Each structure stands twice: as structure tokens, then as C-alpha cells.
Amino acid sequence: MPTTFALLDCNNFYVSCERVFNPKLIGKPVVVLSNNDGCIIARSNEAKELGIKMGEPYFRCQPLLEHHQVHVFSSNYALYGDMSQRVMEVLSRLEPQVEVYSIDEAFLRLPAGDEKTLRLIGKNICRTIRQHTGIPVSIGFGPTKTLAKIANRIAKKNPAQRGGCIISAGDDLPPILKSMPVSEVWGIGGRATKKLAGQGIRTAYDLSRADANWLKKNLSITGVRTMRELQGVSCFPLTEIPPPKHSMACSRSFGTPVSELKDMHEATVTYVARAAEKIRAQQLKAGCLTLYLNTNRFSSSQPQYANNRTITLPYPTADTATLIAQAVATLKDLFRPGYAYQKVGVILTALTPEHIQQGNLFLTPRPNTDNLLLALDRINHRWGQDTLQYGSAGLDKPWHHKQNMKSPSYTTSWHELPVALAAETITR
DNA sequence: TCTGGGGTCCTAGGACCC
DNA sequence: TCTGGGGTCCTAGGACCC
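Residues numbered from 1 in each chain as written. Chains lettered and ligands numbered in written order. Predicted model: local features only at pLDDT ≥ 70, side-chain atom pairs only at ≥ 80, totals over all residues. Heavy atoms only, no water.

Draft legend 1. Broad picture of the overall build of chain A. Looking only at helices and strands, chain A has 13 helices and 13 strands in total. Its C-alpha atoms give chain A a radius of gyration of 25 Å, within 12% of the compact-globule value 22 Å for 428 residues. Each principal axis of the C-alpha distribution contributes one length, and for chain A these read about 75 × 65 × 50 Å. By residue count, 44% of the 428 residues in chain A fall in the buried class. In chain A, the share of contacts with a sequence separation of at least 24, taken over all contacts with a separation of at least 6, comes to 69%. (Helix = DSSP H or I, 4+ residues; strand = E, 2+ residues; numbered from the N terminus. Rg over C-alpha atoms; globule rule 2.2 N^0.38 Å. Buried < 20%, exposed > 50% of the residue type's maximum accessible area, 1.4 Å probe, protein only. Contact = heavy atoms within 4.5 Å.)

Draft legend 2. Here's a closer look at the sheet that holds strand 6 (residues 105-111). Read across the sheet, five strands follow the order 5-6-1-7-8 without closing on themselves; strand pairing throughout is mixed. Both outer strands of the open sheet, strand 5 (98-102) and strand 8 (165-166), are each paired with one neighbouring strand and no more. Taken together, the two bridges between strand 7 (residues 137-142) and strand 8 define a ladder with parallel strand orientation. Considered in strand 8, the bridge of G140 is made with C165. Packing of helix 5 (residues 115-133) onto the sheet brings it into contact with strand 1 (3-10), strand 6, strand 7 and strand 8, and relative to strand 7 it is tilted by some 155 degrees. (Pairing = 2+ DSSP bridges. Axes fitted to C-alpha atoms, helices over the stretch in contact; angles between N-to-C directions.)

Draft legend 3. Molecular detail of the protein's contact with DNA strand C. Taken together, 13 residues lie around DNA strand C, and S102, D104, K149, G187 and A192 are the ones closest in. Put simply, 100% of the atoms of DNA strand C that lie within 4 Å of the protein are in sugar or phosphate. G189 places a main-chain nitrogen or oxygen 3.2 Å from a phosphate oxygen of DNA strand C. In this structure, a phosphate oxygen belonging to DNA strand C sits 2.8 Å away from a main-chain N or O atom of A192. Mapped by element, the contributors of at least two residues to the surface near DNA strand C are strand 5 and helix 8 (190-198). The greatest single-element share of the surface near DNA strand C, amounting to three residues, is contributed by helix 8. (Near = heavy atom within 4 Å. Polar contact = N/O pair within 3.5 Å; in protein donor to acceptor, adjacent residues only side chain to side chain.)

Draft legend 4. Spotlight on helix 10 (residues 212-230). Between its first and last C-alpha, helix 10 extends only 13 Å over 19 residues, short of the 27 Å set by a 1.5 Å rise per residue. In helix 10, a bend of some 135 degrees at L219 exceeds every other bend along the element. The secondary structure elements touched by the buried residues of helix 10 are helix 6 (145-157), helix 7 (173-178), helix 8 and helix 9 (204-208). In the stretch just after helix 10, G232 is the one whose phi turns positive, near 105 degrees. (Expected span 1.5 Å × (residues − 1). Bend = angle between axes of the 7 residues up to and from the residue.)

Draft legend 5. How the structure looks around the protein's contact with DNA strand B. The full set close to DNA strand B counts 26 residues, and R225, A249, R252, S253 and K343 are the nearest of them. The sugar-phosphate backbone supplies 68% of the atoms of DNA strand B found within 4 Å of the protein. At a separation of 3.1 Å, a base oxygen of DNA strand B approaches a polar side-chain atom of R60. At the level of elements, helix 3 (58-67), helix 10, strand 9 (247-258) and strand 12 (341-349) are the ones that each hand at least two residues to the surface near DNA strand B. The element that contributes the greatest number of residues to the surface near DNA strand B is strand 9, accounting for seven residues. Here the surface near DNA strand B is built from residues that sort into nine nonpolar, ten polar and seven charged. (Nonpolar A, V, L, I, M, F, W, Y, C, P; charged D, E, K, R; others polar.)

Draft legend 6. Expanded view of the domain arrangement of chain A. The domains assigned to chain A are domain 1 (1-165), domain 2 (169-243) and domain 3 (247-393). Contacts between the two partners involve 19 residues from domain 1 and, on the opposite side, 19 residues from domain 2. Together, the buried faces of domain 1 and domain 2 total about 1,600 Å²; carbon and sulfur atoms form 64% of this surface. Taken together, domain 1 and domain 2 are joined by three salt bridges. One salt bridge in this structure joins E184 and R153, with 3.2 Å as the shortest N-O distance. (Domains from an automatic or database assignment. Buried area = accessible area lost by both parts, 1.4 Å probe. Salt bridge = Lys/Arg side-chain N within 4 Å of Asp/Glu carboxyl O.)

Draft legend 7. Spotlight on the environment of T330. Structurally, the position occupied by T330 is in helix 12 (residues 320-334). Relative accessible area serves as the criterion here: at 4%, T330 is assigned to the buried category. Along the backbone, T330 and L289 are 41 residues apart, and their C-alpha atoms lie at a distance of 9.5 Å. Setting aside residues no more than four positions away along its own chain, T330 makes contact with L291, R309 and I311.

Draft legend 8. Region of the structure containing the packing of aromatic side chains. If you walk through the whole model with that rule in mind, you get 15 aromatic pairs. Taken together, a centroid distance of 4.5 Å and an interplanar angle of 10 degrees make the contact between F21 and Y410 stacked. Of this pair, F21 sits in helix 1 (residues 13-21) while Y410 is found in the segment after helix 13 (370-383), placing the two residues 389 residues apart along the sequence. With a relative accessible area of 12%, Y410 lands in the buried category. Connected via pairs of aromatic rings, a cluster forms that spans F13, Y14, Y77 and Y80. A cation over an aromatic ring shows up here: K145 above the ring of F107, its NZ or CZ 4.6 Å from the ring centre. The cationic tip of R382 hangs over the ring face of W383; the distance from NZ or CZ to the ring centre is 4.4 Å. (Phe/Tyr/Trp six-rings, centres within 6.5 Å; stacked < 30°, edge-to-face > 60°. Lys NZ or Arg CZ within 6 Å of the ring centre and 35° of its normal.)

Draft legend 9. Representation of unusual backbone geometry in the model. Of note in this structure, Q69 is not a glycine but carries a positive phi near 50 degrees. Note that Q69 resides in the loop between helix 3 and strand 4 (71-73). A positive phi angle is found at D386, which is not glycine, with a value near 65 degrees. Residue placement: D386 occurs in the segment after helix 13. D386 sits in the partly exposed class, given a relative accessible area of 44%.

Draft legend 10. Broad picture of the pattern of salt bridges. Scanning the entire structure with this criterion turns up 14 salt bridges. With a closest N to O distance of 3.4 Å, E184 and K157 form a salt bridge. Taken as a pair, E184 in the loop between helix 7 and helix 8 and K157 in helix 6 lie far apart in primary sequence, 27 residues in all. Judged by relative accessible area, K157 falls into the exposed class, the value being 59%.

Structural data, given as C-alpha cells:
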């Protein structure tokens, strides 16, 4: 049965989240920064018009931002994550076949319908999500995911397409693809764009007509799939049930460079605890742990050092104390004094479901800490992250990343709920 | 002074087997 | 002096995504 894909995308998502709880920002230029207030990762349309680039380091464009009185926010993932869930819930109530693709995007699969039907569906989705969450969204339809992505891009740039741009695999397709630079095609990054340019392939249309053998050799099988998708042949299916994760990571850049082992130790413990909490939430255990650390690679005046090590754990575990002990021992091996470190990070891999565990013939049974961890997670969930934490994670955390302009966690913290004031009006 | 974080997929090449 | 061929598995690194 023929189907249509749709891509729903929240407009300037992080900025839109800030605006829901701070309507004064509507119509004003707004940007949101990455962790540690490092780079620009979200811009309102007004900010884009000022020429502020995606991924630009904050310190570099700070004068421009100040000059235009741009509103700047540190990223607030508690808020964005929660708003994302609300958007996806509303969407799932409207449409049965949904793949949550990222924090601000979802693919849908619909029975292939005529343009009028799709447009009605699109309008209804956009209106309902806006009404229930306050978040503006755009939608694009196409016979494949890649074409739905392109349709979404066109819809977003063109307010007349409110309710959705629709691409079909007919005669209209070539002119649309000819107007789309190949670098804007989903799956074509900077490297591929360069390689393709060398072959004279500059637009999505050129790519849809490229030589499959050359593509396979130079862009791997995924390049060939993208080409087929541009032709209207679906190669990337909808995955409604997210596959289990293969890895779980936690890392942050330090607010200021760190040289002391004590601080590195505290940060390592903090990130291990967080990563362990995350895999427990998904009923997983880790078989391996990777620890890595590095100095600031952008600094030409400071001596550079980066290292990493992966260890196999004695048995798969999600027990924070066990993981901390292993990570700290690894840290002591990797740490070299005399460097200004910028970051330490932890990756848990070889993840397996907690109820399917391979036993070990030669190890004594390990202590069962399941109930302790359950209580820990429940308390932190109920009363907020780090209500209970391991002592070695430190209290002051002088190395903590910068977050100087963060908005309140309006929807996830009892202490930070927005307050609505109603003025009494007298009408007689 | 100040440059994010968390994922996935694919491939080449090494190690190893018979 | 001359030293195969075919296969699997694993891993590091590259590329891409948001």
C-alpha cells in the first residue's frame, strides 16, 4: 500500500520554548547557547536576519548580540526536554504512526492521500500542537523521508505553505530538486558536499541522477540510499519503536580550566553517576566503560594532552558505586599533572537488558544494590536531580560548567513554576 | 579569557581461523 | 628460491545527524 511520509519540526525549538513562558520575547531577536555558554545553537528568525550564524562561538559574536540587544539564554534542557515530550504526546494522539526522531522532530507515516487531504491533516496537526503546547511547528510531506525533509525545509522558509508543503514523485519533483543545494539534503554533510562538487553534483537533482557505482565507492551505501530516496524510492523505513541504545555518555566542558586531580575526580564521579542513572532508567547494564579527558584543543599557547581508555567491567552493571570505583581508577592512570584540562567524559557501552545477564563462573556473587539504587533514583526523581548524590562528587563543584543566563525550569521544578497574576477588572 | 553534547551507521584493515 | 585463499569478527576512525 502506498504511503506518504511527513516530517514535523518545531520552529526554532529552544527559542520557542523560552517564548512560551516569556511572551515578551515574541518578535524580538533571541538566541540560545550550548552547554557552558559556548556556541549559538538556536536562533529566532529575527536573530537569523541579523546574520548570527549557527554554531558561532558566543564570545565571538557577543558584540553583535549586544549591539542589537539580542536576548541570550543558556540552554535549559529540563525545559526543552519536557516541552518536547508534550509536543510528541499531542502528535501521537493525532497520528498513530510516529517516529520521534530528535528532540524537535518526528517522522509520520500516513496512507497516501490527495493533496487536499494531506493539507487538512497538516493544518490540523500544526494548529493542535500550537494550541496545546504553544510551540509553532512546520510540516512537510513526501513519498520518502528524505523528500519529506526537503518539503519541511520549503514549508519553513515559505509562510504561504503553512499547514505543510507537499512533494509528490511526479513532474513537479525535478524543479523542486533543482532549486535545492545538495548540501541541504538530509545525510549530505560538508565532506560529501565537497566530494560531490568535484563531480559537478551541486543540487539535489544532480544527486538524484548520479552514478550509483561512484556514489557507493565514495559515499558508501548510505549515499546510494539517499539518491534512491530523492528519486522517490523509500529506503529509510519508519522506526516507531526506538531500538535499544548501544551507548550512553555524559560529559561537560569545565566552566574554567581544571588542573587538580581532585576536581577531575569530582567531575568524573558526577558524570558516572549521571550516566549510570540514565542506563538504569532504561533497564540496561553496562559491560564496558570509557573514560576520556582533554585539554582545550583551540588553545595554541597551552600544552596539549588528550587520552582515553576503555575497560571491560568485571560484570555488566548499572551500580553507581561499582562504576565510580572503576572510573576513578582509570582516571588516576590517565591523569597527568601540569595540564589545564577542559573536559572529562564517560561513555558506558556494551549495554545489555538488565533481565538478560550472562553469569560469570569465576566471580563470587556481587552484592545486590538494586533496592538501594531504586530508592536513590526515586528520591532524585521526586525531589530533583542530585537531591542525593555520592559524596565524592563534591559539593561546591568549582569546575561546574557555565550557565549564566538560564531561564527557570518552569515545568519540571516545584520551586520554579511560573506565576500568573490576574488583574481584577470591573465591568458593570 | 571565552569554541557543546549525545548519538548512529559504515568501512577499512588487522587478527584470527581452517 | 619458492610461502594460499576464503571467511568471520572486531575495532578505530570518519562522517553524519540534531
